[in-house]
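# Inside the fold
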Amino acid sequence: MALTLLLPVLASLQLLPRLVSPAAKLPAPAFSVHPLKVEYLLGDIVDLTCSAPAVKDWVSVFQYYSNTGWAVSAWVSSGWKHTYNLNITEPRSAGSYSCNYYTGKSGSFVHSLESNHITIRVKDPPAEPTLRVDPTSGVMSEGHPLLITCTAPGDARQLRFHFYQDGAKIIPGDAGSEISTAEPGNSSMTVSVLSIPRADTNSTGEYTCQYEEKQSERWMLSTRSQAVTVTLKDPPPQPVLSMDPPSGGVTKGSLCSSPAQPPEMPDEWRFHFYKDGAEIIPGDMGLRSAP
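So, here is what we can say about the structure in this document. What you see is a predicted model; the values in this text were computed from it and never measured.

The rules behind the values
Residues numbered from 1 in each chain as written. Predicted model: local features only at pLDDT ≥ 70, side-chain atom pairs only at ≥ 80, totals over all residues. Heavy atoms only, no water. Pairing = 2+ DSSP bridges. Helix = DSSP H or I, 4+ residues; strand = E, 2+ residues; numbered from the N terminus. Axes fitted to C-alpha atoms, helices over the stretch in contact; angles between N-to-C directions. Salt bridge = Lys/Arg side-chain N within 4 Å of Asp/Glu carboxyl O. Buried < 20%, exposed > 50% of the residue type's maximum accessible area, 1.4 Å probe, protein only. Disulfide = S-S within 2.5 Å.

### Side note on the sheet that holds strand S6 (residues 81–87)
The antiparallel open sheet is built from three strands, whose spatial order is S2-S3-S6. The open sheet terminates on both sides in strands that have one partner only, identified here as strand S2 (30–34) and S6. If you compare each strand with its neighbour and ignore which way they point, the axes differ by 20° on average. Pairing between S2 and strand S3 (residues 45–51): five bridges, direction antiparallel. From the neighbouring strand, Ala-30 faces S3, where its bridge partner is Ser-51.

What follows is the structure in structure tokens.
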């Protein structure tokens, strides 16, 4: 059974050092891929097969390379053929691939000539969407509605949208949010809106979005949008409440007033009064308020 040791992975893009050996004395292997396509999609798995010709000694190691610096070494116990499953996870998986093999033991390896090269092309993911927040400043007043719109480029087609807050996917219905989007197979559109009816401290953070587009009967995920940041305005300063008469002592039937004055007079404001924690409704029990 082949024991595959993953040395550098695609993310590292570091070339695996070749095993120390004398000059190549063995014939080159045959290198093939399956399935063979003109262009691969993200998520495809490609079988890379390295087939050595019959040689005197068993093959000990197969090595696979690409011109991007990626390399994998597979140690085997017997045989002249090995297959490595390459997972196409990103556009950088594209490149020119080849392989070779080694016989012998550590310290006395003999390596082969390099195989034929096969080019693997990877289709780019769908283009990045645009994310917009309303209000455009991203600065919200607590309790006000928040709308975040994700727009995919191009013409109307079947898409699926996803929104993220601080990197975590938002599930429709969470925290009072309502996501409006087309369901696959029902209609086509390029816009989805994340609606939060009443913004609060849980609504702040960094938002991004992405979408899925159906290609070759498979849903392909786009790259994520640029982030937008949502913050809350500081609440207005505490008002000052005074009483007339100042003592707070009143007789039945007398007039009592409690003016409230905000520290700064905004362009528009509304006052609310409370008694024993309950809001006072103007007109109840003969009470009234004046601007």
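### A word on the pattern of salt bridges
Scanning the model with the defined rule gives five salt bridges in all. Residue Lys-37 is joined to Asp-44 by a salt bridge in which the shortest nitrogen-to-oxygen separation is 3.3 Å. Given a relative accessible area of 36%, Lys-37 falls into the partly exposed group. The partner of Arg-160 in a salt bridge is Glu-212, with the nearest N and O atoms 3.3 Å apart. With Arg-160 in strand S13 (residues 159–165) and Glu-212 in strand S17 (residues 205–215), this residue pair connects regions lying 52 residues apart in the sequence. Of the residues examined, Glu-212 reaches a relative accessible area of 13% and is grouped as buried. Linked by salt bridges that have partners in common, Lys-37, Asp-44 and Arg-218 make up one network.

### Quick look at the state of the cysteines
For the structure shown, the criterion picks out two disulfides. Disulfide pairing is shown between Cys-50 and Cys-99; the S-S distance is 2.1 Å. Disulfide Cys-50-Cys-99: torsion about the S-S bond near 85°, hence right-handed. Residue Cys-50 is found in strand S3, and its partner Cys-99 is found in strand S7 (residues 95–103); the two are separated by 49 residues along the sequence.

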